[in-house]
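# Secondary and tertiary structure notes
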Amino acid sequence: MSRVTDAMERLADRIRAQVDRPVTTDPRNVVAPCVLIAPPQLTPDGVQCGGYKAKHQVLVIGLPGARAELDPLAELLDQVLTVLDDGPGWTLAELVSYEPLSDPSHIEPSMAYQVTVEEYV
């Protein structure tokens, strides 16, 4: 595995160990409510050892629907943020909509939080 996929799996494993919903790094395996770890954006970390700063987008995905689905999504988000508070650390959690790749006939997007996590890999 590469540093990138290792970092994704490490982050997924940390969240998976403390969250009671599925956690995946594969967008084809999204079954909401769940957590999806997307491939990170990489930038040089500015040191000689050749590392990268990885900016992960962690999607905390709820069910499609109205306001009634916000409370279960917020509970899952709280669980994920509790894990991330212990490191590597999150910098932003933004409400977004998510359209699954696995079901193209799906009309209504799901509510989701996109959490930005930064770490050195």
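All values derive from a computational prediction rather than experimental measurement. (Residues numbered from 1 in each chain as written. Predicted model: local features only at pLDDT ≥ 70, side-chain atom pairs only at ≥ 80, totals over all residues. Heavy atoms only, no water.)

## Concerning the pairing of strand S4 (residues 52-64)
Where strand S2 (residues 34-37) lies against S4, 4 bridges are found, and the strand directions are antiparallel. Residue Ile-37 lies in a different strand from S4, and its bridge partner there is Val-58. Where strand S3 (residues 41-44) meets S4, 4 bridges bridge the pair, whose relative direction is antiparallel. Across the sheet, residue Gln-41 finds its bridge partner in S4, namely Lys-55. Pairing of S4 with strand S6 (residues 110-120) involves 10 bridges; the strand directions are antiparallel. Within the sheet, the bridge partner assigned to Leu-59 lies in S6 and is Gln-114. (Pairing = 2+ DSSP bridges. Helix = DSSP H or I, 4+ residues; strand = E, 2+ residues; numbered from the N terminus.)

## Things to note about the pattern of salt bridges
Counting across every chain of the model gives 4 salt bridges. For Asp-26, the salt bridge is made with Arg-28, and the minimal N-O distance between the two is 2.7 Å. Taking the relative accessible area as the measure of exposure, Arg-28 reaches 63% and is therefore exposed. Linking Glu-118 and Lys-53 is a salt bridge whose minimum nitrogen-to-oxygen distance equals 3.2 Å. You can see Glu-118 sitting in strand S6 and its partner Lys-53 sitting in strand S4, a full 65 residues away along the chain. Classification of Glu-118 as partly exposed rests on a relative accessible area of 23%. (Salt bridge = Lys/Arg side-chain N within 4 Å of Asp/Glu carboxyl O. Buried < 20%, exposed > 50% of the residue type's maximum accessible area, 1.4 Å probe, protein only.)

## Side note on the nonpolar core
Grouped together as the largest cluster of nonpolar side chains are 21 residues, with contacts concentrated most on Ile-15, Ile-37, Val-58 and Val-80. Of all elements in the fold, only helix H1 (3-16), S2, S4, helix H2 (70-85) and S6 reach the threshold of two or more residues within this core. In terms of residue count, the dominant contributor to this core is H2 (7 residues). Setting aside residues no more than four positions away along its own chain, Ile-37 makes contact with Met-8, Leu-11, Ala-12, Ile-15, Val-23, Thr-24, Thr-25, His-56, Gln-57 and Val-58. Listed in part, the 7 residues of the second largest apolar core include Val-30, Ile-61, Tyr-98 and Ala-112. (Core = buried A, V, L, I, M, F, W, Y, C linked by side-chain atoms within 4.5 Å. Contact = heavy atoms within 4.5 Å.)

## Looking at the pairing of S2
Taken residue by residue, a regular strand's side chains alternate between the two faces of the sheet. Neither face of S2 is left uncovered, since the one carrying Cys-34 and Leu-36 and the one carrying Val-35 and Ile-37 both have all their residues buried. Where strand S1 (residues 23-24) lies against S2, 2 bridges are found, and the strand directions are parallel. Within the sheet, the bridge partner assigned to Val-23 lies in S2 and is Val-35.

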